[in-house]
Amino acid sequence: MSEVLPSSFRDPSGHLFRREGVLYRQVNARYRDDYDCLMGSGLYAALVKAGRLVEHEEVSEVGETPEPAYKVIRPAELPFISYPYEWCFSQLKDAARATLRIQATALKHGMTLKDASAFNIQFIGHRAVLIDTLSFERYREGEPWVAYRQFCQHFLAPLALMSNTDIRLGKLLSVHLDGVPLDLAARLLPWRCRLNPALALHLYAHAAAQKRFAAEPGPALRKGRLLSRTAFLALLDSLERGTRGLRWNPAGTAWADYAASADHYTSSAADHKRRLVEDWLRIAAPKVVWDLGANVGLYSRIAAELGSYVLAVDGDPGAVERHYLDPVRSPGERVLPLWIDLVNPSPSLGWAGEERDAFLARGPADLVMALALIHHLAISNNVPLPSLADFFARAGSWLIIEFVPKDDPQVRKLLASRDDIFEFYDQQNFERAFGERFEIRQVEIGYSAETRVYFNETKPAETFYGDGMYSGDQQFAIEVMAE
Amino acid sequence: MSAIHLLQGALEMLGPQSAPYAPRAYLDPGSGSILLQLLVAGILGGLFAARAFWGKIKAKLTRKPQEDPEEDASE
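Report follows, based on the coordinates. (Residues numbered from 1 in each chain as written. Chains lettered and ligands numbered in written order. Predicted model: local features only at pLDDT ≥ 70, side-chain atom pairs only at ≥ 80, totals over all residues. Heavy atoms only, no water.)

**Quick look at the sheet that holds strand β4 (residues 56-59) of chain A**
All names here are of chain A. Strand order in the open sheet formed by 5 strands is β1-β2-β3-β5-β4, and the pairing between neighbours is antiparallel. Both edges of this open sheet fall to β1 (2-4) and β4, since each of them pairs with a single strand only. Each neighbouring strand pair of the sheet contributes to a mean axis angle of 35 degrees, computed without reference to strand direction. With 6 bridges connecting them, strand β2 (residues 14-19) and strand β3 (residues 22-28) associate as antiparallel partners. Bridge pairing in β3 links Leu16 to Arg25. The strands touched by helix α1 (residues 32-40) within the sheet are β3, β4 and β5 (69-75), with β5 carrying the most contacts at an inclination of about 45 degrees. (Pairing = 2+ DSSP bridges. Helix = DSSP H or I, 4+ residues; strand = E, 2+ residues; numbered from the N terminus. Axes fitted to C-alpha atoms, helices over the stretch in contact; angles between N-to-C directions. Contact = heavy atoms within 4.5 Å.)

Next comes the structure, spelled out in structure tokens:
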């Protein structure tokens with residue numbers, strides 16, 4: 001069984017395919033000379049050594065038609081594929097700077113990046129790596145950078161907007177998959193950004209030039225030395241300075257200060273909860289953990305220290321930013337903080353709606369943690385308990401979940417300014433709903449006498465098939481889980 | 001966009017006998033983006049070169065005769 005991945009159809013140099021569960025990349029015959037240059041010039045070795053390019057090995061596998069294959073390579077598989085619209089500000093900034101560094105290294109080896117898509121960068125924990133091995137082509141002295149437009153749209157424009165207008169505009173990248181249109185960015189940015197030299201050139205003037213030459217062909221350029229190497233390097237230097245100069249301070253977002261000021265926790269209660277989580281992580285021994293509602297990653301770190309690769313998902317861009325920038329909470333390359341709103345997780349997007357996978361389709365995880373989370377979904381977003389149980393059963397095999405009752409001060413706060421329409425939100429109904437989808441292995445007191453922490457394992461798929469009460473959507477989830 | 005027009009004029013003066021430039025690109029790099037890039041990179045490259053040149057002159061002018069590279073290294 002073999003299938004071409006729907007994410008790699010655009011570039012004729014080659015494509016990704018999966019055969020018997022293994023990921024391969026076909027290098028097409030037309031890309032032969034560029035591939036040989038990548039491998040022969042020392043560029044591949046230099047980038048892999050620097051941890052900037054995904055490693056691969058050449059294999060004897062037969063390629064996928066229609067294009068004749070020059071080689072088939074097997075890239076090292078990544079623990080998780082994330083997308084630019086799920087990254088916090090500093091992740092996008094680091095991805096941008098990694099792209100520029102890769103381009104500078106490529107030039108030294110006589111090559112250049114032919115694309116600068118943010119989707120070509122992936123994070124392994126904190127490390128930004130280029131995953132598209134076929135992004136390079138031989139540099140011809142005097143030629144401009146064909147990926148300049150893409151770099152400005154994929155990186156510079158969203159970073160400028162997140163930094164100067166509103167952090168939430170990072171999500172524009174999920175609407176504009178080929179980067180934020182520069183004229184849109186120019187309209188949304190405050191006037192003072194025109195005084196920023198890098199933005200004045202690469203964003204405002206760039207947007208104006210795009211508009212000017214949108215309908216008519218530009219002046220006929222003649223082949224030859226259009227752009228000297230010095231000018232090329234100066235351009236990269238300017239983009240690097242411009243990117244580096246963009247900053248964002250997360251102070252003031254709802255959750256960024258939450259863990260630091262968590263006055264509702266007593267330290268002994270926190271220790272107790274921490275020990276429970278540690279014990280259960282040891283029993284389940286998960287390879288991949290999704291810490292949903294991770295905040296700044298207190299529990300993500302515990303899972304990472306016990307050897308798991310952890311996605312630390314949070315809907316607050318400030319919390320994700322703090323987490324990403326905190327070297328203590330994100331050890332090594334085993335924690336990947338992601339900015340995903342759990343009440344509206346990333347859908348599948350792109351051509352035919354299948355170029356970029358939905359968040360849940362990139363699972364399931366071996367273990368899901370949902371600590372001090374459920375009241376935000378059940379009360380703030382009115383999600384019924386059985387629906388929550390379904391969601392978590394689709395997300396992973398094991399579940400560590402905390403039930404926070406109505407008399408908890410945090411929940412009281414959520415209910416203070418609205419009707420309490422949640423007569424079913426109590427421990428009994430919680431256990432009934434989750435008992436449908438999970439075997440409840442252990443229940444312990446949480447951080448207060450009223451809260452409970454549960455250690456659950458999803459019921460085997462056949463249990464669900466038997467009673468015929470599940471929808472097609474749920475059946476699909478069960479099949480995914482069973483795979 | 002007078003700057004673009006200036007560039008246009010300058011580019012048109014480049015060897016009329018050479019073949020027209022067509023970017024090798026599987027995605028449209030955008031003619032406006034290419035032109036703007038040439039203009040911007042030209043200016044930045046000029047500044048780059050000027051800065052390097054000025055740096056060299058400054059180094060020559062400010063170098064004190066008694067300054068010895070070995071002394072510098074021992075500091």
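The structure having been displayed, the exposition proceeds.
**Considerations on the pairing of strand β12 (residues 335-339) of chain A**
Residue and element names in this part refer to chain A. The buried count for β12 comes to 5 of 5 residues, which makes it a mostly enclosed element. Across the two faces of β12 the burial is the same, with Val335, Pro337 and Trp339 and Leu336 and Leu338 all buried. Bridge count for strand β11 (residues 309-314) against β12 is 5 bridges, and the pairing is parallel. When the bridges of β12 are listed, Asp314 appears paired with Trp339. (Buried < 20%, exposed > 50% of the residue type's maximum accessible area, 1.4 Å probe, protein only.)

**Let's talk about the interface of chain B and chain A**
In this complex, chain B contributes 35 residues to the contact, which on the side of chain A involves 39 residues. In this assembly, chain B packs against chain A so that about 3,500 Å² is buried in total across both faces, 67% of it on carbon and sulfur atoms. Three residues, B:Tyr21, B:Arg24 and B:Tyr26, lead the burial of chain B against chain A; their summed loss comes to 24% of the area buried on that side. Remark: the boundary between chain B and chain A carries 2 salt bridges. (Buried area = accessible area lost by both parts, 1.4 Å probe. Salt bridge = Lys/Arg side-chain N within 4 Å of Asp/Glu carboxyl O.)

**Focus: the packing of helix α13 (residues 385-395) of chain A against helix α15 (residues 427-437) of chain A**
Residue and element names in this part refer to chain A. Running from amino to carboxyl end, α13 crosses α15 at an angle of 40 degrees, the nearest separation of the two axes being 8 Å. Every pair of crossing elements has a handedness; the one defined by α13 and α15 is right-handed. Here α13 contributes Leu385, Pro386, Leu388, Ala389, Asp390, Phe392 and Ala393 to the contact with α15, which in turn contributes Asn429, Phe430, Ala433, Phe434 and Arg437. Grouping the amino acids of the contact of α13 with α15 by side-chain chemistry returns 9 nonpolar, 1 polar and 2 charged. (Left-handed = near helix turned anticlockwise from the far one by under 90°. Nonpolar A, V, L, I, M, F, W, Y, C, P; charged D, E, K, R; others polar.)

**Let's talk about the sheet that holds strand β13 (residues 365-370) of chain A**
Residues and elements named next belong to chain A. The sheet built from 7 strands is open, its strands ordered β12-β11-β10-β13-β14-β16-β15 with mixed pairing. Because the sheet does not close on itself, it has two edges, and the strands there are β12 and β15 (438-445). Going from strand to strand, the sheet's axes swing by 15 degrees on average, the running direction of each strand aside. As judged from the 5 bridges shared by strand β10 (residues 288-292) and β11, these two strands associate in the parallel manner. Paired with Val288 across the bridge in β11 is Tyr309. Against the sheet, helix α10 (residues 298-305) makes contact with β10, β11, β12 and β13, and its axis sits at roughly 170 degrees relative to β11, the strand it touches most. Running over the sheet, α15 touches β14 (396-403), β15 and β16 (452-458) and is turned about 15 degrees from β16.

**A few points about the packing of aromatic side chains**
Residues and elements named next belong to chain A. All told, the structure shown has 23 aromatic pairs over all chains when counted by the stated rule. Pairing Phe391 with Phe392 gives two aromatic rings, centres 5.3 Å apart and planes at 80 degrees, and the pair type is edge-to-face. On the basis of relative accessible area, Phe391 is assigned to the buried category, the value being 16%. With a relative accessible area of 1%, Phe392 lands in the buried category. With 4.9 Å between their ring centres and 40 degrees between their planes, Phe403 and Tyr425 make a pair best called tilted. Residue Phe403 is found in strand β14, and its partner Tyr425 is found in the loop between α14 (409-415) and α15; the two are separated by 22 residues along the sequence. With respect to class, Phe403 is no different from Tyr425; both count as buried. The ring of Trp339 has Lys171 lying over it, and the distance from NZ or CZ to the ring centre is 4.2 Å. Its end group placed over the ring of Phe119, Arg356 keeps NZ or CZ at 4.1 Å from the ring centre. (Phe/Tyr/Trp six-rings, centres within 6.5 Å; stacked < 30°, edge-to-face > 60°. Lys NZ or Arg CZ within 6 Å of the ring centre and 35° of its normal.)

**A few points about the environment of A:Pro66**
All names here are of chain A. For Pro66, the position within the fold is in the loop between β4 and β5. Exposure remark for Pro66: the relative accessible area of 77% places this residue in the exposed category. The spatial distance from the C-alpha of Pro66 to the C-alpha of Glu278 is 51 Å, given a sequence separation of 212 residues.

**What to know about the pattern of salt bridges**
Residue and element names in this part refer to chain A. Across all of its chains, the model carries 26 salt bridges over all chains by this definition. A salt bridge links Asp11 to Lys114; its shortest N-O distance comes to 3.0 Å. Residue Asp11 is found in the loop between β1 and β2, and its partner Lys114 is found in the loop between β6 (111-113) and β7 (121-124); the two are separated by 103 residues along the sequence. Classification of Asp11 as buried rests on a relative accessible area of 10%. Among the ionic pairs, Lys71 bridges to Glu58, the shortest N-O distance being 3.5 Å. On the criterion of sequence distance, the pair formed by Lys71 in strand β5 and Glu58 in strand β4 is long-range, its members being 13 residues apart.

**A look at the side chain of A:Ser346**
All names here are of chain A. Looking at where Ser346 falls in the secondary structure, it is placed in the loop between β12 and β13. On the basis of relative accessible area, Ser346 is assigned to the buried category, the value being 10%. At a separation of 2.5 Å, a polar atom in the side chain of Ser346 contacts the side chain of Glu86. Residues in contact with Ser346, not counting those within four places in the same chain, are Tyr85, Glu86, Ile340, Ala358, Phe359 and Arg362. (Polar contact = N/O pair within 3.5 Å; in protein donor to acceptor, adjacent residues only side chain to side chain.)

**A few points about α13(A)**
Spacing of three or four residues puts side chains on the same side of an α-helix, whose turn is 3.6 residues. Of all 11 residues in α13(A), 8 are buried, a share of seventy percent or more. Looking at α13(A), one finds that the buried residues are A:Leu385, A:Leu388, A:Ala389, A:Asp390, A:Phe391, A:Phe392, A:Ala393 and A:Ala395.

**Here we look at helix α8 (residues 229-245) of chain A**
For α8(A), with 17 residues, the first-to-last C-alpha span of 24 Å sits near the 24 Å given by 1.5 Å per residue. The set of residues buried in α8(A) consists of A:Ala231, A:Phe232, A:Ala234, A:Leu235, A:Leu236, A:Ser238, A:Leu239, A:Glu240, A:Gly242 and A:Thr243. Packing partners of the buried residues in α8(A) comprise α3 (89-108), β6, α4 (148-164) and α7 (197-212) of chain A together with α2 (31-62) of chain B. (Expected span 1.5 Å × (residues − 1).)

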